[in-house]
Amino acid sequence: MKIEQEFEIYCVPEFKKDLKKLRKKYRTIEEDLKIFLQTQISLYHKQNIDNKGIFPISDLGLDCDIFKAKKFRCRALKGKGVNSGIRVIYSYEKRENDKDKITLIEIYYKGQKENEDKDRIFRYFGNA
């Protein structure tokens, strides 16, 4: 997935399935995800601007950084703005001499699921 030139974006296979399911109900979600990656991720990780929309998931005990984004604007959910209820779980890897790496792990609507899938996180990053 090529979104932003300052990041390399990867997706775990389950993320693509999550996105496909959400696309049936929220037809703008893919474009909204691109905008999210270009703005929110860049603000938080590159410009060090914290708008209280991205939170580290710190209770995992992993060597890598996993984040939950709570402010995700979905245009298909009119009138909600960034409080759409869409959650994005991702890992962020800062690289010194290359583009930073983002791995999209999970995307879900909080009304259908309360928390992130920690088993999925451990499956991909347990040995990180």
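Note: the structure precedes this text.
Residues numbered from 1 in each chain as written. Predicted model: local features only at pLDDT ≥ 70, side-chain atom pairs only at ≥ 80, totals over all residues. Heavy atoms only, no water.

(A) Seen up close, the overall build of the protein. Looking only at helices and strands, the protein has 3 helices and 5 strands in total. Moving toward the C terminus, one meets the helices and strands of the protein in the order β-α-α-β-β-β-β-α. Buried positions account for 43% of the 128 residues belonging to the protein. Of the contacts formed within the protein by residues at least 6 apart in sequence, a portion of 54% connects residues at least 24 apart. When the accessible surface of the protein is split by element, carbon and sulfur atoms take 44% of a total near 7,600 Å². (Helix = DSSP H or I, 4+ residues; strand = E, 2+ residues; numbered from the N terminus. Buried < 20%, exposed > 50% of the residue type's maximum accessible area, 1.4 Å probe, protein only. Contact = heavy atoms within 4.5 Å. Areas by Shrake-Rupley, 256 points an atom, 1.4 Å probe, with all protein chains shown as cover.)

(B) Structural context of helix α3 (residues 118-125). Turning to α3, its buried residues number three or more, namely Arg120, Ile121 and Phe125. Projection of α3 onto a plane perpendicular to its axis shows the buried side chains occupying an angular sector of 105°, all on one side. Turning to α3, the residues buried within the fold contact α1 (13-25), β3 (65-69), β4 (86-93) and β5 (100-109). (Arc of directions from axis to C-beta.)

(C) Expanded view of the side chain of glutamine 40. Here glutamine 40 lies in helix α2 (residues 29-46). Filtering out sequence-adjacent residues up to four positions away, glutamine 40 remains in contact with Ile35, Asn51, Ile54 and Lys71.

(D) The packing of α1 against α3, seen in detail. Put simply, α1 and α3 touch, their axes get as near as 11 Å, and they point 145° apart. Two secondary-structure elements touch here, α1 through Pro13, Glu14, Phe15 and Asp18 and α3 through Arg120, Arg123 and Tyr124. Across the contact of α1 with α3, the residue classes tally to 3 nonpolar, no polar and 4 charged. (Axes fitted to C-alpha atoms, helices over the stretch in contact; angles between N-to-C directions. Nonpolar A, V, L, I, M, F, W, Y, C, P; charged D, E, K, R; others polar.)

(E) Looking closely at the layout of surface pockets. Estimated volume of the largest pocket: approximately 170 Å³. In this structure, the largest pocket is lined by Asp18, Lys21, Leu22, Lys25, Tyr26, Glu106, Ile107, Tyr108, Tyr109, Gln112, Lys113 and Arg120. Looking at the lining of the largest pocket, the elements that each hand over two or more residues are α1 and β5. When grouped by side-chain class, the residues that make up the lining of the largest pocket number 5 nonpolar, 1 polar and 6 charged. (1 Å grid on protein atoms, 1.4 Å probe; cavity = no way out; pocket = protein on both sides within 12 Å on 5 of 7 lines; lining within 4 Å. Points joined across faces, edges and corners; volume = space filled by probe spheres on them.)

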